[in-house]
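Working through the structure, step by step
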There are 2 protein chains.
Amino acid sequence: MKAGVSRSAVSRTFTPGASVSDETRLRVLRAAEDLGYHVNHLARGLTRRESGIVCMIVSDLATPYRSNLLRALTDQLQNAGRVAMLINTDRSDGSVNRALQQAVRYRADASVILSGMPDKSIIDLCLRSGQRLVLINRDEQQEGLLRINLDDAAAADTAARAFLRAGCHLVAFATSGAGTPSLVAREQGFLEAAKELGLQVIVERQGVTGYQCGRTIAQSLMTRRQRPQAVFCATDLIACGLMDAVRQEFGLSIPKDLCVIGFDDIEQASWSAYSLTTFAQPVDEIALQAVEWLSLPEGSAFAREPLVKLHANIVWRQTVRGG
Amino acid sequence: MKAGVSRSAVSRTFTPGASVSDETRLRVLRAAEDLGYHVNHLARGLTRRESGIVCMIVSDLATPYRSNLLRALTDQLQNAGRVAMLINTDRSDGSVNRALQQAVRYRADASVILSGMPDKSIIDLCLRSGQRLVLINRDEQQEGLLRINLDDAAAADTAARAFLRAGCHLVAFATSGAGTPSLVAREQGFLEAAKELGLQVIVERQGVTGYQCGRTIAQSLMTRRQRPQAVFCATDLIACGLMDAVRQEFGLSIPKDLCVIGFDDIEQASWSAYSLTTFAQPVDEIALQAVEWLSLPEGSAFAREPLVKLHANIVWRQTVRGG
DNA sequence: TTGTAAGCGTTATCAT
DNA sequence: ATGATAACGCTTACAA
């Protein structure tokens, strides 16, 4: 062709590990440079039957934890020579489904679901269209998918013990109204640990996970006859809202009057207005595991343990006495 | 084929506005359902010479403002029946360039650059490979690209006037060491407005935009012989850091001892720990404009004004006296 | 190592 | 309205 070589030579030049002589490769490369040629991945995907696209299905994208996870994921993905397609599932109307269809139509090799409460139908569609599937902090068990979960129970146990050491006996768990699997696991774990340690616990569920939810919970928790001496929040966002309300509306001091522990270790948890003791989601490790599994050769993917359980380390800051 | 019809019939069924009889369409649709058939967009892109993919080139993805903008953009994009490919330019090594190459190889129809300081070469590459390009809050002028900018000068002017009304005379501008075009525009605008109003202004530049940067600036601003009575922060993140440091390390009260105005109106600005008066980036409007332009038919795209200037409304909260 | 040729799933053109 | 057929740009046997 352009460099006086055949198509195949060109193809081989751009296929890692194909046999081309250095001479021809160079000629091709030079010609490509001149002509501004780039391999067409649409065409490549067509023949190779794999597109190199992996789909990120995410809701609440603008949330600190989610955006951070997405960052880590795309970073690793790029590193592995793949490319991320983003599907935003915030809306509840048909546009989500349309977007999802899109993903299928582009023959994505895989999808990573970091949506809080993905529709079961989403999972099915991905699986049916032959994609590999990674579920982060979710429950569904099915053939051919990888779940990456945190050890929520262990974290909850650590939290309960910290509260006990701080001399608290009446403690609370703050969470959203509708529970994602991980939120539920944290709640269960906390309940069990509390029971074992002889702690009395109030569970407070309000609205949607987020700052406002924390404020609402503070309201109902602090107007009780018996105020809890500590609260374990299912997410940092809840913790932030709760702390603001507790301090400003009830004039309490943290950790003197109330101990607080969060979950996620979002950026804001480290801000000195909060200095929140919390559990760090190992986002980079999550991303690494996901991408590694996606890069496994065809056969071995299913020989692997379909559940990765990661540990969430506690980050001690200033919201627990004697932490 | 499967439904006793030709390929073309199938194609037409899935091509909006093609002529198929209801009867055949129905037959095809039914067969597709049965066989789990989905149009292959890789192949379609190949023949149609447009992929339907638009590329989001973003750095600091986990930052509140960026992730929010990305959310708005993907949302609108999906709504318009297109799909977003995400390129994370955080790293400085080759992986960014590789990722970008990827995008080109997938024959993205367009790219939206929301990166703080994109390499000039990125812009060139996109343009050269025939993509349409949208630049958000950037400067570069070139044929065939749309710039969407905020009216930073007007906002800065509003801020200066607010400070004047609050009785401040010595004011400061807080920004990062390296200035993106919008940060520079805010600075310039503020300087000019201050001059016009007879305000004395200190410009403080430190490190990378973000919370820490705000803390550092507070440090150097509040240890001066003459403390400023107000500070206009180039971003909310800077404002948050500054406020925390000012309150906790210098025991000052806001807005009594110091007025603060931010920019972006990130979620945290509304948290009661800050209640920051700030300028709201009209992210939805930005996204709308971008997607609308991308959807313009071939010819008309270049007939249109290549610069959209949007207004950033001030959101009055509690950090300016008499706001 | 290199070239030839078939085929990947579409769409577009041209008949019918 | 429908069907045949030639692209689209690439990969991959297979042959040389």
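Description of the structure in this document. Source: prediction; values computed, not measured. (Residues numbered from 1 in each chain as written. Chains lettered and ligands numbered in written order. Predicted model: local features only at pLDDT ≥ 70, side-chain atom pairs only at ≥ 80, totals over all residues. Heavy atoms only, no water.)

1. Comments concerning the sheet that holds strand β4 (residues 132–136) of chain A
- On the basis of which strands lie adjacent, the open sheet formed by twelve strands has the order β11(A)-β5(A)-β4(A)-β3(A)-β1(A)-β2(A)-β2(B)-β1(B)-β3(B)-β4(B)-β5(B)-β11(B) and mixed pairing. Both outer strands of the open sheet, β11 (307–310) of chain A together with β11 (307–310) of chain B, are each paired with one neighbouring strand and no more. Taking the axes of each pair of neighbouring strands and ignoring which way they run, one obtains an average angle of 20° across the sheet.
- Judged from the four bridges that link them, strand β3 (residues 110–113) of chain A and β4 of chain A form a sheet pairing that is parallel. Bridge assignment links V112 of chain A to a residue of β4 of chain A, and that residue is V134 of chain A.
- Its contacts with the sheet place helix α6 (residues 120–128) of chain B against β1 (53–58), β3 (110–113), β4 (132–136) and β5 (145–150) of chain B, and it is angled at close to 150° to β4 of chain B. (Pairing = 2+ DSSP bridges. Helix = DSSP H or I, 4+ residues; strand = E, 2+ residues; numbered from the N terminus. Axes fitted to C-alpha atoms, helices over the stretch in contact; angles between N-to-C directions. Contact = heavy atoms within 4.5 Å.)

2. What about the protein's contact with DNA strand D?
- Surrounding DNA strand D, one finds 23 residues, the nearest of these being S11, Y37 and R44 of chain A together with R12 and R49 of chain B.
- Within 4 Å of the protein, the contacting atoms of DNA strand D are 61% sugar and phosphate, with bases supplying the remainder.
- Taking S8 of chain B, its side chain carries an N or O atom lying 3.1 Å from a base nitrogen of DNA strand D.
- Of all elements in the fold, only α1 (7–13) and α3 (41–48) of chain A together with α1 (7–13) and α3 (41–48) of chain B reach the threshold of two or more residues within the surface near DNA strand D.
- Ranked by the residues each element gives to the surface near DNA strand D, the list is headed by α3 of chain A, at four residues.
- In terms of residue class, the surface near DNA strand D is made up of seven nonpolar, eleven polar and five charged. (Near = heavy atom within 4 Å. Polar contact = N/O pair within 3.5 Å; in protein donor to acceptor, adjacent residues only side chain to side chain. Nonpolar A, V, L, I, M, F, W, Y, C, P; charged D, E, K, R; others polar.)

3. Overview of the sheet that holds strand β10 (residues 277–280) of chain A
Residue and element names in this part refer to chain A.
- Spatial strand order, β7-β6-β8-β9-β10-β12: six strands in an open sheet with mixed pairing. Edge positions in the sheet fall to β7 (200–205) and β12 (313–315), since each has one partner strand and no second. Neighbour to neighbour, the strand axes of the sheet diverge by 20° on average, direction disregarded.
- Note: β10 against β12, three bridges, orientation antiparallel. Paired with F279 across the two strands is I314, which belongs to β12.

4. Some details on the pattern of salt bridges
Residue and element names in this part refer to chain A.
- Summed over the entire model, instances satisfying the criterion amount to 28 salt bridges over all chains.
- Residues R161 and E196 are paired through a salt bridge, measuring 3.4 Å at the closest nitrogen-oxygen approach. With a gap of 35 residues between them, R161 in helix α7 (residues 152–165) and E196 in helix α8 (residues 181–197) connect regions that are remote in the sequence.
- Notably, a salt bridge pairs R215 with E249, separated by 2.6 Å at the nearest N-O pair. Taken together, the residues R215 in helix α9 (residues 211–222) and E249 in helix α10 (residues 236–250) connect sequence positions 34 residues apart.
- According to the relative accessible area criterion, R215 is buried, its value standing at 13%.
- Shared partners join several salt bridges into a network, and the residues in it are D157, R161 and E196. (Salt bridge = Lys/Arg side-chain N within 4 Å of Asp/Glu carboxyl O. Buried < 20%, exposed > 50% of the residue type's maximum accessible area, 1.4 Å probe, protein only.)

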